[in-house]
Amino acid sequence: MLNISRWRATAILLTTLVVCLAAIPNFFSEETLRSWPKWAQRHIVLGLDLQGGSHILLEVDTNAVRREKVEALREDVRRVIRDNRWALTTTTIRGNAVEVRLGERVDRAQALSKLRELSQPLGGILSATGQRSVEVVDAGGGLIRLTVTEPAIIERIRQSVEQSIQIVERRVNELGTVEPTIQRQGLDRILVQVPGLQDPTRLKEILGKTAKLTFRLVDESMSPQQALQTRPPPESEILYGEREEANVPYLIQKAVIISGEELVDAQPAFDQRTGEPVVNFRFNNSGARKFARVTQENVGRRFAIVLDDKVISAPVIREPILGGSGQISGQFTVESANNLAILLRAGALPAPLTIIE
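Nothing here was measured: the structure is a model prediction, and the numbers come from that model.

(A) Quick peek at the sheet that holds strand 17 (residues 353-355). Spatially, 6-7-1-17 is the arrangement adopted by the four strands of the open sheet, whose pairing is antiparallel. Two strands lie at the open edges of the sheet, namely strand 6 (181-185) and strand 17, each paired on one side alone. Taken over all neighbouring pairs, the strand axes of this sheet differ in orientation by 25° on average, direction set aside. Sheet topology places strand 6 next to strand 7 (residues 189-195); five bridges connect them, and they run antiparallel.

(B) Broad picture of helix 4 (residues 62-84). Its 23 residues give helix 4 an end-to-end C-alpha distance of 33 Å, which sits within 8% of 33 Å, the value for a rise of 1.5 Å per residue. Those residues of helix 4 that sit buried are Ala64, Val65, Val70, Leu73, Arg74, Val77, Val80 and Ile81. The backbone nitrogen of Asn63 has a side-chain oxygen 3.2 Å away, supplied by the residue at the start of helix 4, namely Asp61. Remark: Arg85 follows helix 4 within two positions and exhibits a positive phi of approximately 55°.

(C) Main features of a nonpolar patch on the surface. On the surface, Leu14, Leu17, Leu21 and Ile24 cluster together into a nonpolar patch covering about 360 Å² of accessible area. Of note, Leu21 is situated in helix 1 (residues 6-23).

(D) Just the packing of aromatic side chains, in detail. Considering all chains together, one arrives at eight aromatic pairs under this definition. Pairing Phe291 with Phe303 gives two aromatic rings, centres 5.9 Å apart and planes at 75°, and the pair type is edge-to-face. Taken together, the residues span a long stretch of sequence, with Phe291 in helix 9 (residues 285-297) and Phe303 in strand 14 (residues 303-307) at a distance of twelve residues. By relative accessible area, Phe291 is classed as buried at 3%.

(E) Broad picture of the pattern of salt bridges. In the structure shown here, the tally under the stated rule is 14 salt bridges. The salt bridge involving Lys290 is made with Glu262; its shortest N-O contact spans 3.3 Å. With Lys290 in helix 9 and Glu262 in the loop between strand 11 (258-259) and strand 12 (263-270), this pair connects stretches of sequence that are 28 residues apart. You can call Glu262 buried: its relative accessible area is 11%. Note that Asp271 is salt-bridged to Arg273, the shortest N-O span being 3.7 Å. With relative accessibility at 77%, the residue Arg273 sits in the exposed group.

(F) Here's a closer look at unusual backbone geometry. Phi is positive for Arg85, close to 55°, though the residue is something other than glycine. When you line up the elements, Arg85 lands in the loop between helix 4 and strand 2 (90-94). Of note in this structure, Asp309 is not a glycine but carries a positive phi near 65°. Structurally, Asp309 can be placed in the loop between strand 14 and strand 15 (310-313).

(G) Molecular detail of helix 7 (residues 201-208). Among all positions in helix 7, only Leu203, Ile206 and Leu207 are buried. Take helix 7 and look down its axis: the buried residues cluster within an arc of 90°, on one side only. Check the buried side of helix 7 and you find it contacts strand 1 (53-60), helix 6 (150-174), strand 7, helix 10 (334-346) and strand 17.

(H) Just the sheet that holds strand 3 (residues 97-101), in detail. The four strands lie next to each other as 2-3-5-4, forming an open sheet whose pairing is antiparallel. Looking along the sheet, the strands with just one partner apiece sit at the ends: strand 2 and strand 4 (134-140). Neighbour-to-neighbour, the strand axes of this sheet turn through a mean angle of 20°, independent of strand direction. Two elements, strand 2 and strand 3, share five bridges in a ladder whose sense is antiparallel. Bridged to Thr91 within strand 3 is Val100. Packing of helix 5 (residues 108-116) onto the sheet brings it into contact with strand 3, strand 4 and strand 5 (143-148), and relative to strand 4 it is tilted by some 165°.

Quick notes on the rules
Residues numbered from 1 in each chain as written. Predicted model: local features only at pLDDT ≥ 70, side-chain atom pairs only at ≥ 80, totals over all residues. Heavy atoms only, no water. Pairing = 2+ DSSP bridges. Helix = DSSP H or I, 4+ residues; strand = E, 2+ residues; numbered from the N terminus. Axes fitted to C-alpha atoms, helices over the stretch in contact; angles between N-to-C directions. Expected span 1.5 Å × (residues − 1). Buried < 20%, exposed > 50% of the residue type's maximum accessible area, 1.4 Å probe, protein only. Polar contact = N/O pair within 3.5 Å; in protein donor to acceptor, adjacent residues only side chain to side chain. Patch = residues over 30% accessible without salt bridge, like charges linked within 9 Å, V, L, I, M, F, W, Y side chains within 5 Å. Areas by Shrake-Rupley, 256 points an atom, 1.4 Å probe, with all protein chains shown as cover. Salt bridge = Lys/Arg side-chain N within 4 Å of Asp/Glu carboxyl O. Phe/Tyr/Trp six-rings, centres within 6.5 Å; stacked < 30°, edge-to-face > 60°. Arc of directions from axis to C-beta. Contact = heavy atoms within 4.5 Å.

Quick look at the structure:
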């Protein structure tokens, strides 16, 4: 026969009573709980296994990370070429390498020395291994090959995943969910679990976009149709609109006036004239100065608001915009305007994410 002392039985009963009392708020609606004292309004947070929810496994596009790393190296090489005024010097990307073809009058030894300055020791946990970011080789015949090392690419993938986790966390928290689980899995995957979110559709929309926002001028030197029939100017490209305007081409200058990194706030709102959903945005001081200068110098021209290589809108600059704030319109619904504001506030992902589970 099991013998339990009276004080132990009393303690067990009191503990059971307290736990049951703590669970009572979970059986009432939010409206009912608002009339209760503050200390009695706390819910017990149920996990994904008890209340259900959304479970998504994301994978960082490592190929995009590689391309970005090599493109960044080519831009560094071009900067060195410009700074040293090496005439008739060209650059070409081959795999993970940037090949530099020197002009006839360029001193090869000096060029090799300057380009080797682009190779830096890797930091972090790899700093003690002596690994470097770029391998520079003289291939002969005036050709120098700069190759991004595999450890440098792996380190960049690791950094991209860490940055993505922070941005995913901010995006999920903007949805107003309770205690989501966001953690890394392996080298390039992120697990997202959101208890209580039964419909994952909106979560997929929020997490699936890179949300790289840029402001660029529209190239008016020729029509988009002419550019499609012939070839766009070297400093411009053809981009398309989204939603109903998906088939409408735009000729957009590649030069970025302002990037989304200089936004400090974005909020959904309604246009006071038309009543349509829009997104109001505000730049930091640096972005506000750039925006003011560009709008002053280009009154009467069109500028494009580009999100993930899709043109949201391309309005005409009617007058200088000096306040550092503006409005994005693009046939939004209330939900899509709110989603865009969430994406812009959270920031752009360093690389695309693919939903694999």
